[in-house]
Amino acid sequence: MTASHIFEVFLKAEGKSEFRHAGSLGAADREMALLLARECYSRRGEGHEIWVVRRDDIGVADTRDLSANFVKPHRMNDGKRVAEHRRSQREDE
Amino acid sequence: MRTWNDIEEFEAFLDGGGLVEADDGMPDAFRQEVFRFIEFHANSELMGGLTERDWIPHSPGVRLKQIFLAKTQDEIGHAHLLYMVAADMGVKTREQMTNDLLEGRTRFHNVFHYRAETWADQIAIAFLVDAAAFASQRAVFAECSYGPYKRILRRIVGEEGFHMRHGEEMVLRLANGSETQRKLFQDAINRWWWPAVQLFGPDSPPDDPLLRWHIKSERNEVLRHAYVQKYVPLLQGYGFTIPDDGLHRDPDTGQWMMSAIDWEPLRATLKNDGPDSARRLANAVRNHFETRWFRDAIEVSA
Amino acid sequence: MPLFDASSGVGEFLTAFADDEHLIGSHHAWWIGIAPFLEEDLAFCSIAQDELGHALALYDLVTDDIDQFALRRDRSAYRSCDFVEMVMPDWADTLVRHWLYDTAEHLRWEALADSSSVEVRGIAARALTEESFHVKHARLMVSRSVQSEQARNIVIDSLQRLLPHSATMWASVAGEAEALTSGVTTMSSEQLAEQYAQALRNDVNEWGLDVPIVLEPTGQSHRLERHHDFDDFYASLNLVMDLDPTANW
């Protein structure tokens, strides 16, 4: 099975949770991957829905581009100043 | 993809709880060591499945056959997950790993070089052997600095939990059963106790890279000792004896102490020279060869 | 008390289906760990588990002690057909039998979906959800494997050898008459055999296989005799139980 394709498998559990990556498998095509995915990743009903995606079709972002956003304080607010203000008001009363 | 300037920087990253991912520029020594470890684990799951396979046709009940099939299916499923993760490390393809296993170039756990001789052996595997493997897997899962391995270990450890409970339920059945059943299980313990204890391996070397790199979280001898503390009283509680004349309780610590372990049988299995290694590998090779036309056909259709 | 007496007509009819499921599930199970590749190993083993589950549900309708009934009955009391009693240590034969068996099994469950027995209806409804996966799996794997010439020849050879044996699935037990008049089943084996042949014709046409689908009449065997592979299977099934037949294993 070396020349066949690798598919990434995503499961969605019942309820509000989002699809999550479960792992991968080898299959000749998408239909086969869907058929085989259940017994590889959902033997006890872990997935109420399953997606399979050819690994080759996944776009992967450059981590260096992503790291630029690891620290963006102007997009955050921890609420500390307002909390401090309110605390001091309560103390004044 | 992340890179590290040198091994010190990499090890500091691991010491800080960092997780390495498949596309990271990890040091080659780490890649090789972790790959070899996962491949060994994958091989062991597969060969464990083949050990159990021998007794599935003889399951004494339709429901039992269904349950044991599901358990062995999990082991095969674990092998699948592990081979996928190992292949992504870029050291060998899945096909190379299969060929290396079948041609005797790679190793697997000592216990799966032995033949299950009776139905009680099947249960001893589900109880004693799986428990030993489970303990060592949990100790890897606890830290495990290689992200993809840690994530599939969560699934594997979860499923082994079902196997543990099932295994003990089966022991209970034999323990509460007839004289024939009790004797059958005692004989199985006599065969499997030492291989199960040896599964943990000899004491970890002083500078085990697997410990230093947070793949293993605990030393072999510590895991082995904890296993003995748990399973000696469990088996005795069910009315069975441990095949170790020197087994005693340390009067000061209350700990169970074993006789010295003979490591020769373990060394033989590591050379694929265990009691049932040749037969099991030969069967697997023949079958792999005979189903090749189908794999080729599927590949052509891709 | 079981719902149906195993020695009644309906009981015999349900036993025949249960025995078929039990034997095919057990033979499929032989492949665990050695199927052509791991993903397929998991899928095929799941099918084996499902068939055993169907057997359990059906046996439960005719006996209070499933394991004694399923494993330790006198061999003459089994009602399985030749096709499921045959041992097939060859993947091509196994794959083709899987396709033929599940095509037939699906039709057999559909015939029970409107059963006059609410219990039978319930089991059929559940079995059909599993069967749709089995048929999909069988058809996909056969259709993918016949795309190369070498494999196509292997599959055609198996099909030509196994097709006549597969007709034994439609050998009816004497009790089928009662199952039909009481409405427990809604189709005769004869009617189902025709639908079966048509389903196979559709498949071979779709895949471009030049194999005429002709089912020879299977005669009135009534499933009373066992295939010569049965004895080994029976002994292997009882290997452990024989050690202590009264024990709870």
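Values in this document were obtained by computation on a predicted structure and should not be read as measured data.

**Considering the packing of aromatic side chains**
Then, number 1: Tallied over the entire structure, the rule returns 26 aromatic pairs over all chains.
Then, number 2: Centroid distance B:Trp4 to B:Phe13: 4.9 Å. Interplanar angle 50°. Geometry classified as tilted.
Then, number 3: A relative accessible area of 22% means that B:Phe13 is categorised as partly exposed.
Then, number 4: Residues C:Trp99 and C:Trp207 carry aromatic rings whose centres are separated by 5.1 Å and whose planes lie at 55° to one another, so their mutual orientation is tilted. With C:Trp99 in helix H5 (residues 91-110) and C:Trp207 in helix H9 (residues 189-207), this pair connects stretches of sequence that are 108 residues apart.
Then, number 5: Aromatic rings pair up to connect B:Trp293, B:Phe294, C:Trp30, C:Trp31, C:Phe44 and C:Trp91 into one cluster.
Then, number 6: In this structure, B:Arg165 is placed above the aromatic ring of B:Phe162, and the distance from its NZ or CZ to the ring centre is 5.4 Å.

**Some points on empty space enclosed by the protein**
Where empty space is left in the structure can be found by rolling a water-sized probe over the atoms.
Residue and element names in this part refer to chain C.
Then, number 1: Scanning the entire structure with this criterion turns up one cavity of 30 Å³ or more.
Then, number 2: Of the pockets and cavities examined, the largest cavity occupies roughly 150 Å³.
Then, number 3: Phe13, Arg108, Glu176, Ser189 and Leu192 are, among the 17 residues lining the largest cavity, the residues nearest its centre.
Then, number 4: Counting only elements with at least two residues in the lining of the largest cavity, the list comes to helix H1 (9-29) and H9.
Then, number 5: With three residues, the top contributor of residues to the lining of the largest cavity is H1.
Then, number 6: When its residues are assigned to classes, the lining of the largest cavity shows eleven nonpolar, three polar and three charged.

**Let's talk about helix H5 (residues 119-142) of chain B**
All names here are of chain B.
Then, number 1: In a regular helix each residue adds 1.5 Å, so 24 residues correspond to 34 Å; H5 covers 33 Å between its end C-alpha atoms and thus fits that length.
Then, number 2: Taken as a whole, H5 carries its principal kink of about 35° at Ile125.
Then, number 3: The buried fraction of H5 is high, at 21 of 24 residues.
Then, number 4: N-cap assignment for H5: the residue whose side-chain oxygen lies 3.1 Å from the backbone N of Ala120 is Thr118.
Then, number 5: Immediately downstream of H5, the backbone of Cys144 shows phi near 50°, a positive value.

**So, a nonpolar patch on the surface**
Residue and element names in this part refer to chain A.
Then, number 1: Among the surface-exposed residues, Leu66, Phe70 and Val71 lie close enough to one another that they form a single nonpolar patch of about 350 Å² accessible area.
Then, number 2: Structurally, Val71 is set in the loop between helix H2 (63-67) and helix H3 (80-92).
Then, number 3: By relative accessible area, Val71 is classed as exposed at 66%.

**Considerations on the sheet that holds strand E1 (residues 5-12) of chain A**
Strand pairing in a sheet takes place through backbone hydrogen bonds and is either antiparallel or parallel in direction.
Residue and element names in this part refer to chain A.
Then, number 1: Read from one edge of the open sheet, three strands run E2-E1-E3, paired in antiparallel fashion. A strand with exactly one partner marks an edge of an open sheet, and here the two such strands are strand E2 (20-27) and strand E3 (49-54). Ignoring strand direction, the axes of neighbouring strands in this sheet form an average angle of 30°.
Then, number 2: Where E1 and E3 come together, six bridges link them in antiparallel fashion. Directly across from Lys12, in E3, lies its bridge partner Glu49.

**Observations concerning the interface of chain C and chain A**
Reports often express the size of an interface as the amount of accessible area lost when the parts come together.
Then, number 1: Taken together, the contacts link twelve residues of chain C with twelve residues of chain A.
Then, number 2: Each partner contributes to the roughly 1,200 Å² buried at the junction of chain C and chain A, and carbon and sulfur atoms together form 73% of this total.
Then, number 3: In this assembly, chain C and chain A are joined by two salt bridges.
Then, number 4: Two residues, A:Glu31 and C:Arg144, come together in a salt bridge whose shortest N-O distance is 3.0 Å.
Then, number 5: The set of elements that each furnish at least two residues to the side of chain C that touches chain A consists of helix H2 (38-62) and helix H6 (118-145) of chain C.
Then, number 6: Of the residues forming the side of chain C that touches chain A, the biggest block, six residues, is contributed by H6(C).
Then, number 7: When the residues that make up the side of chain C that touches chain A are grouped by side-chain class, the tally is six nonpolar, two polar and four charged.

**Concerning the interface of chain B and chain C**
Then, number 1: Contacts between the two partners involve 43 residues from chain B and, on the opposite side, 46 residues from chain C.
Then, number 2: Where chain B abuts chain C, roughly 4,000 Å² becomes buried across the two surfaces, and 69% of that area is made up of carbon and sulfur atoms.
Then, number 3: Three residues, B:Val62, B:Trp293 and B:Phe294, lead the burial of chain B against chain C; their summed loss comes to 19% of the area buried on that side.
Then, number 4: Viewed at the interface, chain C and chain B are joined by one salt bridge.

**Quick notes on the side chain of C:Ser80**
Residues and elements named next belong to chain C.
Then, number 1: Secondary-structure assignment places Ser80 in the loop between helix H3 (66-72) and helix H4 (82-85).
Then, number 2: Polar contacts involving the side chain of Ser80 include one to the side chain of Glu85, which spans 2.6 Å.
Then, number 3: Each residue touching Ser80, except ones within four places of it in the same chain, is listed here: Asp19, Asp20, Leu23, Glu85, Arg223, Arg226 and Phe230.

**So, the pattern of salt bridges**
Then, number 1: On inspection of all chains with the given rule, the structure shows 47 salt bridges over all chains.
Then, number 2: The partner of C:Arg73 in a salt bridge is C:Asp19, with the nearest N and O atoms 2.7 Å apart. Here the residue C:Arg73 occupies a position in the loop between H3 and H4, and C:Asp19 occupies one in helix H1, the gap between them amounting to 54 residues.
Then, number 3: Residues joined in a network through salt bridges with shared partners are B:Glu39, B:Lys92, B:Asp100, B:Glu103 and B:Arg105.

**With respect to unusual backbone geometry**
Then, number 1: Phi angles above zero are rare outside glycine, and B:His214 is one such case at about 60°.
Then, number 2: With a phi angle near 55°, C:His222 is a residue other than glycine that sits in the positive phi range.
Then, number 3: Inspection of the secondary structure assignment puts C:His222 in the loop between H9 and helix H10 (230-238).

**Quick look at the nonpolar core**
Then, number 1: Core analysis: the biggest nonpolar cluster contains 201 residues, and B:Tyr146, B:Phe185 and B:Trp193 have the highest contact counts within it.
Then, number 2: Apart from the residues lying within four places of it in its own chain, the contact partners of B:Tyr146 are B:Leu19, B:Val20, B:Glu21, B:Ala22, B:Met26, B:Phe30, B:Val34, B:Ile38, B:Val85, B:Met89 and B:Ile215.

Conventions we followed
Residues numbered from 1 in each chain as written. Chains lettered and ligands numbered in written order. Predicted model: local features only at pLDDT ≥ 70, side-chain atom pairs only at ≥ 80, totals over all residues. Heavy atoms only, no water. Phe/Tyr/Trp six-rings, centres within 6.5 Å; stacked < 30°, edge-to-face > 60°. Buried < 20%, exposed > 50% of the residue type's maximum accessible area, 1.4 Å probe, protein only. Helix = DSSP H or I, 4+ residues; strand = E, 2+ residues; numbered from the N terminus. Lys NZ or Arg CZ within 6 Å of the ring centre and 35° of its normal. 1 Å grid on protein atoms, 1.4 Å probe; cavity = no way out; pocket = protein on both sides within 12 Å on 5 of 7 lines; lining within 4 Å. Points joined across faces, edges and corners; volume = space filled by probe spheres on them. Nonpolar A, V, L, I, M, F, W, Y, C, P; charged D, E, K, R; others polar. Expected span 1.5 Å × (residues − 1). Bend = angle between axes of the 7 residues up to and from the residue. Polar contact = N/O pair within 3.5 Å; in protein donor to acceptor, adjacent residues only side chain to side chain. Patch = residues over 30% accessible without salt bridge, like charges linked within 9 Å, V, L, I, M, F, W, Y side chains within 5 Å. Areas by Shrake-Rupley, 256 points an atom, 1.4 Å probe, with all protein chains shown as cover. Salt bridge = Lys/Arg side-chain N within 4 Å of Asp/Glu carboxyl O. Pairing = 2+ DSSP bridges. Axes fitted to C-alpha atoms, helices over the stretch in contact; angles between N-to-C directions. Contact = heavy atoms within 4.5 Å. Buried area = accessible area lost by both parts, 1.4 Å probe. Core = buried A, V, L, I, M, F, W, Y, C linked by side-chain atoms within 4.5 Å.

Nothing here speaks to function; it is geometry throughout.
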